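Here are the chains, one letter per residue:
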Amino acid sequence: MTYFRNQARTQTHTHTHVWEKLAFNAARTLVYIAKHSVRVKLGPVKNCLQVIGRTERGRAPQISTVFSPPQLNKPSAPMADPEPEPVLVGEKRGCPEGEEEGTPTKKPRVEKDQENGGPPHHGEEDETTGDASDGEEEVETFADMMKHGLTELDVGILKYVSNHEGFSGILKERYSDFVVNEISKQGKIVHLDDLSVPPEAEEVPEVEPQPEDADVLTEEQKKQLGELQLYKNKEDNVSIEVVDDTKEKRTVVHKAIKTQYPGLETMTEERDGRKFIVAYHAAGKKALAAPRKHFWPKNRGNFCHFVLYKENKDTMDAINVLSKFLRLRPNMFSYMGTKDKRAITVQEIAVLKITAERLSHLNKCLINLKLGNFCYKNHPLKLGELQGNHFTVIIRNISGTDEQVQQALTSLKETGFVNYYGMQRFGTTAVPTHHVGRAILKDNWKEVVDLILKPRPGAEKEFLVRCREEWAKTQDPEAALKKLPNKRCVEGQLLRGLSMYGKKNIVTAFGMIPRNNRLMYIHSYQSAVWNTMVSRRIEAFGLKAVEGDLVLKGTTAHVLSAAEAEGCSIHDIVMPLPGFDVIYPSHPVGKGYRELLSADGLDIDNMRHNVKDYSLAGAYRRIIIRPSDVTWEIVQYDDPKISLVHSDFEKLENKPAPVFNKEGKYRALRMEFSLPPSTYATMAIREVLKLDTSIKKQTQLNTTWFN
């Protein structure tokens, strides 16, 4: 009887624990929806979460899904249909190591938040959120926290090309709503449409006639090698003893394994005076850290070029994944440009002396990545070599009439849009990147450190809040660094530099931040100046070329005379990013550059810096861009969860294209266009919708619309 009582008690406890976990997960999901939809205050839900959370060892487990980012909605736009439910993306997040248990979270995190208004923190993981309040305290909404962020006005984005009436819509509700195909330097749109491996034309050293490769391996060895290749045994290896040990015999066995089982690598080992050929999986953890040099035919190009198809993954993240599987350094790969993370993107990649077979084999184990269209060439790829990008964009739940859409897209096709630098260039928090860039150019290094490390209002991850508070209180870099679970963020790298080199050697300490991230700050300042001056130029002279404007003749800028301006179009006009190697327009707007930089404490005649990396040469950028290959259609659909784009991978899998219902509940605008490099598709979409694209403004619009 005692046994049955114990069994019943155990089962009751188990069932209670299961229901507690279910209730806990439901409450966590409500918190996340509340934070990102801005529909409710967070206090009551979080208090519920706290009570349930006590059964989970005092700490909430990590939510494993991410919702779509703030949506584009115009508050005044009537919405005839209910908004589709949020779409789960299914991206898993790990808990940062070293986080203190039970530490209250003061501010909810923001998806893809860029702390310090700066470059994204590579390798940084999202932190769980909770609340240690007793429920009496009023908790800020997501909109309240984002009120400290930037708007387009703050970075000089003011003008539109067309005077059509704008309308609302939801951008990137699903990452598949934003598709980017690279345009190669030959002008061809890059697609993934072939997963086959090109036939080998290898130069094989002459050896004496040997039995057929198939006869070299026994049936048992073939079975073991097949299991190893199919990832059933990826961490193990297969050892084959060479009985009649000769170099020629070993060569035949090596070749047989690599030919019949692509993806496997081989090496020769000697054990107790006997020779073994060891086959191992190229992607296994036990693969050699530095793979041995394999025979590479002289008549084959040294670089394997391939098309990389990726979903919801950053370009560098994808490169790092491939590097890990292939046991290569990331710098062995080259590419022409980085692509958006929250999108489906297709681009060309090149890698040094890795065979197409090895790359193709990775398709069996990669998630959200696919490789294909392999070929060998004698050269790598270089940044900026591409001609541009082709975009397929879905804007869901549009409020505009067919006539409004027609007018907006016709203007985009015929006239274009102002070529502003997009909001992602300037960060999302209360300290914009261009403020840091300005301090660097002024050689004010104390201000640089202060801007990056000081506490700030707005939405931010809890461990960064603790780090900033510690820095403000103690000015001790080692103490502040201990508050960070991941030291690879910008703040962590700067604090580590200060700890190593001291606060009197800030320039060297700042150098601990990767070069590209450091340069992003000063490029952000150039971009803010350019945006501001272009808005002034359009305000003063409209959309026509005037005397004193600049045009490019080759790579050299030329100042237009009155007569020359008559024969030029607004699409020919460029404006300079400030620097020591550019000239400025001769009309009054051009002279405004000097005034603007002077107000920021900078001398336009002395843009060279004590640190060579921070010397600005300057550049020229067209003020109006007219997209090419512009097409559009309005589609209607019933299921908000389906993809509205037929991707390259779906075509390869012979999956059917999306079917649209002419009487569907929801309306969406599907638009396609091509843009040159370094041009922001969000600015083209801004021209169509006539909406501020900043997170701050979109959050405010969503709040008004929900209310």
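Quick look at the structure, then.

Each value, and the rule that gives it
Residues numbered from 1 in each chain as written. Predicted model: local features only at pLDDT ≥ 70, side-chain atom pairs only at ≥ 80, totals over all residues. Heavy atoms only, no water. Salt bridge = Lys/Arg side-chain N within 4 Å of Asp/Glu carboxyl O. Helix = DSSP H or I, 4+ residues; strand = E, 2+ residues; numbered from the N terminus. Buried < 20%, exposed > 50% of the residue type's maximum accessible area, 1.4 Å probe, protein only. Polar contact = N/O pair within 3.5 Å; in protein donor to acceptor, adjacent residues only side chain to side chain. Contact = heavy atoms within 4.5 Å. Pairing = 2+ DSSP bridges. Axes fitted to C-alpha atoms, helices over the stretch in contact; angles between N-to-C directions. Expected span 1.5 Å × (residues − 1). Parallel < 35°, antiparallel > 145°, perpendicular 65-115°, else oblique. Nonpolar A, V, L, I, M, F, W, Y, C, P; charged D, E, K, R; others polar.

## Thoughts on the pattern of salt bridges
Next up, step 1: Using the criterion set out here, one finds 23 salt bridges in the structure.
Next up, step 2: For Arg-594, the salt bridge goes to Asp-605, with nearest N and O atoms at 2.8 Å. In this pair, Arg-594 sits in helix H18 (residues 588–599) while Asp-605 sits in the loop between H18 and strand E15 (619–622), placing the two residues 11 residues apart along the sequence.
Next up, step 3: Classification of Arg-594 by relative accessible area gives partly exposed; the value is 43%.
Next up, step 4: The structure contains a network of salt bridges with shared partners spanning Glu-173, Asp-177 and Arg-396.

## Re the side chain of Arg-670
Next up, step 1: With respect to the helices and strands, the residue Arg-670 is situated in strand E18 (residues 666–675).
Next up, step 2: Only 3.4 Å separates the side chain of Arg-670 from the backbone oxygen of Leu-644, close enough to count as a polar contact.
Next up, step 3: Sequence-distant contacts of Arg-670, that is, excluding residues within four places in its chain, are made with Thr-392, Val-393, Ile-394, Thr-631, Trp-632, Glu-633, Leu-644 and Val-645.

## Remarks on the pairing of strand E10 (residues 388–396)
Next up, step 1: Of all nine residues in E10, nine are buried; the element is thus mostly enclosed.
Next up, step 2: Every second residue of E10 is oriented toward a common face, with Gly-388, His-390, Thr-392, Ile-394 and Arg-396 on one face and Asn-389, Phe-391, Val-393 and Ile-395 on the other, all of them buried.
Next up, step 3: The pairing of strand E1 (residues 170–171) with E10 spans two bridges and is antiparallel. Across the sheet, residue Ile-170 finds its bridge partner in E10, namely Arg-396.
Next up, step 4: Pairing of E10 with E18 involves eight bridges; the strand directions are antiparallel. Bridge pairing links His-390 to Ser-674 in E18.

## Regarding the sheet that holds strand E12 (residues 550–553)
Next up, step 1: The four strands are arranged E13-E12-E14-E15 in an open sheet whose pairing can be described as antiparallel. In this open sheet, the two strands that pair with only one neighbour each are strand E13 (556–559) and E15. Taken pair by pair, the neighbouring strands of this sheet meet at an average axis angle of 55°, ignoring direction.
Next up, step 2: As paired elements, strand E14 (residues 573–577) and E15 share four bridges and run antiparallel to each other. Residue pairing in the sheet places Pro-576 in a bridge with Tyr-620 of E15.
Next up, step 3: Contacting E14 and E15, helix H16 (residues 515–541) crosses the sheet at an angle of about 145° to E14.

## Observations regarding helix H6 (residues 247–260)
Next up, step 1: Spanning 14 residues, H6 covers 20 Å between terminal C-alpha atoms, matching the ideal 20 Å at 1.5 Å per step.
Next up, step 2: Taken as a whole, H6 has its buried residues at Arg-250, Val-252, Val-253, His-254, Ala-256 and Ile-257.

## What about the packing of helix H10 (residues 433–441) against H16?
Next up, step 1: Viewed as axis vectors pointing N to C, H10 and H16 meet at an angle of 100°, and their least axial separation amounts to 7 Å. Our classification of the angle between H10 and H16 gives roughly perpendicular. Here Thr-433, His-434, Val-436, Gly-437, Arg-438, Ile-440 and Leu-441 of H10 come into contact with H16, specifically with Arg-518, Tyr-521, Ile-522, Ser-524, Tyr-525 and Ala-528.
Next up, step 2: By residue class, the composition of the contact of H10 with H16 is seven nonpolar, four polar and two charged.

## Structural notes on the pairing of E12
Next up, step 1: Inspection of the sheet shows E12 paired to E13 by four bridges, in the antiparallel sense. Bridge assignment links Lys-553 to a residue of E13, and that residue is Thr-556.
Next up, step 2: Hairpin connection between E12 and E13: a loop of two residues separates the two successive antiparallel strands, and Gly-554 in this loop has a positive phi of roughly 75°.
Next up, step 3: Two elements, E12 and E14, share two bridges in a ladder whose sense is antiparallel.

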